[in-house]
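Architecture at a glance
The chain contents come next:
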Amino acid sequence: MDQQSASNVDIKNSKLEQSTAPTPQNTPINPAPITSTYRPNVSTISEDMETITTPGAAGKSNALAGAFTGNPALISMLQGKLGSLVGQSSGYIESLPEPVKRRINGLKYLQSQHAELEGKFQEEVLALEKKYLELYKPLYAKRAEVVTGQYEPTDAEVEAGKKVDEEEGEQAAAQPAQQKDEDESDVKGIPEFWLTALKNHPQIGESITDTDEDALKHLTDVRMSYMDKPGFKLEFVFSENEYFTDKSLVKTYYYQEHAQGGDFVYDHADGAKINWKEGKDLTVTVETKKQRHKGTNKTRVVKRTVPADTFFTFFSPPVFPSENEELDEEEAEGLDAKLEADYEMGEEFKDKIIPHAVDYFTGKALEYEDFEGDDDFEDDFYDDEDDEEDDDDESDDDDDDDDAAPTTKGENAPECKQS
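Figured I'd write up the structure that's included with this text. (Residues numbered from 1 in each chain as written. Predicted model: local features only at pLDDT ≥ 70, side-chain atom pairs only at ≥ 80, totals over all residues. Heavy atoms only, no water.)

1. Observations concerning the overall build of the protein
How we decide: For helices the rule is a DSSP run of H or I covering at least 4 residues; for strands it is a run of E covering at least 2, with both sets numbered from the N terminus onward. Residue burial is assigned from relative accessible area. The probe radius is 1.4 Å, only protein chains are included, and a residue is buried under 20% of its type maximum, exposed over 50%, and partly exposed in between. What makes two residues a contact is simply this: any of their non-hydrogen atoms within 4.5 Å. Accessible surface area values rest on a Shrake-Rupley calculation with a 1.4 Å probe, where residue burial reflects the displayed protein chains alone.
Each helix and strand in the protein was counted, giving 14 helices and six strands. Looking at the protein residue by residue over its 419 residues, the buried ones come to 25%. For the protein, long-range pairs separated by at least 24 residues make up 60% of all intrachain contacts whose partners lie at least 6 apart in sequence. Of the roughly 30800 Å² that the protein leaves accessible, carbon and sulfur atoms contribute 50%.

Laid out in structure tokens, this is it:
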């Protein structure tokens, strides 16, 4: 399938529920937090409120739910019917008076003019990003020299780095002068710098397996560059290692040629063919199985390779199906999810990890990045006194339960209340 047809694939965003394809501006790896001081005035709902159940309603609803859960074909048919209604006109616009519809067309013209300005704005933003990337590159190059041990920071640079933490309220602990051990003096650069930085990134760290770590210890630099066409290139530089012969692995992300609605739209990505050394391919696992012949009773060993979970599948991005290949709804959704995840990881390298590598190495980035996971915990704090009161209440309830008659069949058990 050519690149032009690839742009017609709708990349769904299950997190943000956006209808537009992911772009450098509208596709962060985590949705932005919604902050608002407004709180709706809803009275507190008491746990003692009476629940009224209409006779027969519960049975009907349970029967209806059972009909759906027991009939996947019915669910699939309804989803298909509802999906076919998406984008269809409700008839409201067509029912408006002609003068109103004429004015709506005038607004559409104004919107088209706005879209043209948005496109020019995005092109200028991209040009500005390219300009400053050239200014960043000398800093990135010196960072790589420090990491690999080719350059030793001066005393002035070290002191300036300490002041950065002090200005941000992170008082560095005073360390007594110690005599250097022979082993410490032999340490070159910052060992496992990029491996540590990647593992500290919540999403990327999850893709790194134990077997990946030994290979990623040889990762010495991650570079980013823009191309003449809309898009960017990521280059992963490795030192000599026992896994592959490549000195660097390159992955390229392409946008569509023209910005749509002011944003560049992701089109496709090209990965890299890794030249694995014999027996060192981390992307596959060899499974061994013994088979016994029924007639001769002889056994043979059959080996087969199956895909393995590894970070290095990042260099084999998902591909669009050919024109003759059709995908069902489940396969299409799976492809959308893979394309979105792949694009998001590339954006994370470009916008976060490469510019702020030292913050990911130290873990400081986790303080100012809004990663997922914190929302799973509620902010309801209570003190020990409240806990003791709850224990007393529970003791009283236990005494009352001892005197109460046993619950007969058909009656609801007492509700367990929690503070």
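2. Things to note about the side chain of Asp359
The criterion, for reference: Residues counted as positive are Lys and Arg, residues counted as negative are Asp and Glu, and His and the chain ends are not counted. Criterion for a salt bridge: a side-chain nitrogen of Lys or Arg within 4 Å of a carboxyl oxygen of Asp or Glu.
In this structure, Asp359 sits in helix H12 (residues 357-362). One buried charged side chain, Asp359, makes no salt bridge at all; its nearest oppositely charged neighbour is Lys364, positioned 4.6 Å away.

3. Comments concerning unusual backbone geometry
The phi torsion at Glu192 lies on the positive side, around 55 degrees, for a residue other than glycine. With respect to the helices, strands and loops of the structure, Glu192 is situated in the loop between helix H7 (182-185) and helix H8 (193-199). On the accessibility criterion, Glu192 (35% relative accessible area) is partly exposed.

4. A short note on the pattern of salt bridges
Within this structure, the stated rule accounts for 14 salt bridges. Close ionic contact of Glu159 with Lys162 constitutes a salt bridge, the shortest N to O distance being 3.8 Å. Within this pair, Glu159 and its partner Lys162 are both found in helix H6 (residues 155-167), separated by three residues, close to a single helical turn. With relative accessibility at 41%, the residue Lys162 sits in the partly exposed group. We note a salt bridge from Glu240 to Lys247, for which the minimum N-O separation is 2.8 Å. Each member of the pair, Glu240 as well as Lys247, carries the same accessibility label: exposed. In this structure, a network of salt bridges that share partners links the residues Glu240, Lys247 and Lys277.

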